[in-house]
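# Descriptive analysis of the structure
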Amino acid sequence: MLKKKKQPSAFAKKVYEIVQSIPKGKLATYGQVAAMAGKPRGAQAVGWILHDADQHEVPYQRVVNRLGGLARGYTNGGPLGHKKDLEREGITVRPDFSVDLEKYLWRP
DNA sequence: CCGATGACCAAAC
DNA sequence: TGTTTGGCCATCG
């Protein structure tokens, strides 16, 4: 299992720009980002791109699943690291690692 | 193109 | 209720 870094493709680049476009204190879901990138059913693909995004300057912490929950495999200290990053953005994370999408969801 | 993997989503068992 | 399966799309070998 050597899945390692690779070059950003058109889809990845779009995802990066979208994620970087998320205002501070707001959140976006995988499905939302995927839809903006042109793939309303590419949530999994977005997850893959974000996993690779750790080598880019992308605030992928602002991207959560549709339940407002943190990602399963976070590459930066686990869910605690993710929670800390979100709180630093001004987002309140519940003890169960979920957030209020109605309150923090980014609506362009 | 195919098979396998993945930080997702939804339904089925 | 917890686990599995299928679907989605992208990427690697």
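Residues numbered from 1 in each chain as written. Chains lettered and ligands numbered in written order. Predicted model: local features only at pLDDT ≥ 70, side-chain atom pairs only at ≥ 80, totals over all residues. Heavy atoms only, no water.

Turning to the overall build of chain A, a few remarks are in order. Secondary structure assignment for chain A yields five helices and two strands. The N-to-C order of helical and strand elements in chain A reads α-β-α-α-β-α-α. Once the C-alpha set of chain A is aligned to its principal axes, its extents read approximately 35 × 30 × 20 Å. Looking at chain A residue by residue over its 108 residues, the buried ones come to 44%. If you take every contact in chain A between residues at least 6 apart in sequence, the share linking residues at least 24 apart comes to 63%. Total accessible area on chain A stands at roughly 6,700 Å², and carbon and sulfur atoms take up 53% of it. Charge separation in chain A, taken as the distance between the mean sites of 19 positive and 10 negative side-chain charges, equals 5 Å. (Helix = DSSP H or I, 4+ residues; strand = E, 2+ residues; numbered from the N terminus. Buried < 20%, exposed > 50% of the residue type's maximum accessible area, 1.4 Å probe, protein only. Contact = heavy atoms within 4.5 Å. Areas by Shrake-Rupley, 256 points an atom, 1.4 Å probe, with all protein chains shown as cover. Lys, Arg positive; Asp, Glu negative; His and termini not counted. Charge placed at Lys NZ, Arg CZ, Asp CG, Glu CD.)

Moving on, we get to helix α1 (residues 10-20). What α1 keeps buried is the set Phe-11, Ala-12, Val-15, Tyr-16, Ile-18 and Val-19. Here the buried residues of α1 occupy an arc of 165° about the axis, which is enough to place them on one side. The secondary structure elements touched by the buried residues of α1 are α2 (30-37), α3 (43-52) and β2 (63-64). (Arc of directions from axis to C-beta.)

This paragraph deals with the side chain of Asp-85. Relative to the helices and strands, Asp-85 resides in helix α4 (residues 78-88). Its relative accessible area of 10% is what places Asp-85 among the buried residues. Residue contacts for Asp-85: discarding those within four places in its chain leaves Gln-61, Tyr-74 and Asn-76.

Here we take up the environment of Glu-102. Along the chain, the position of Glu-102 falls in helix α5 (residues 101-104). Of the residues examined, Glu-102 reaches a relative accessible area of 64% and is grouped as exposed. Counting along the chain gives 75 residues from Glu-102 to Leu-27, while the straight-line C-alpha distance between them is 9.9 Å.

Of all residues in chain A, 94% have pLDDT values of 70 or greater, and the mean over the chain is 90. For chain A, α4 is the element with the lowest average pLDDT, namely 90, and strand β1 (residues 28-29) is the one with the highest, namely 96. (pLDDT = per-residue confidence, 0-100.)

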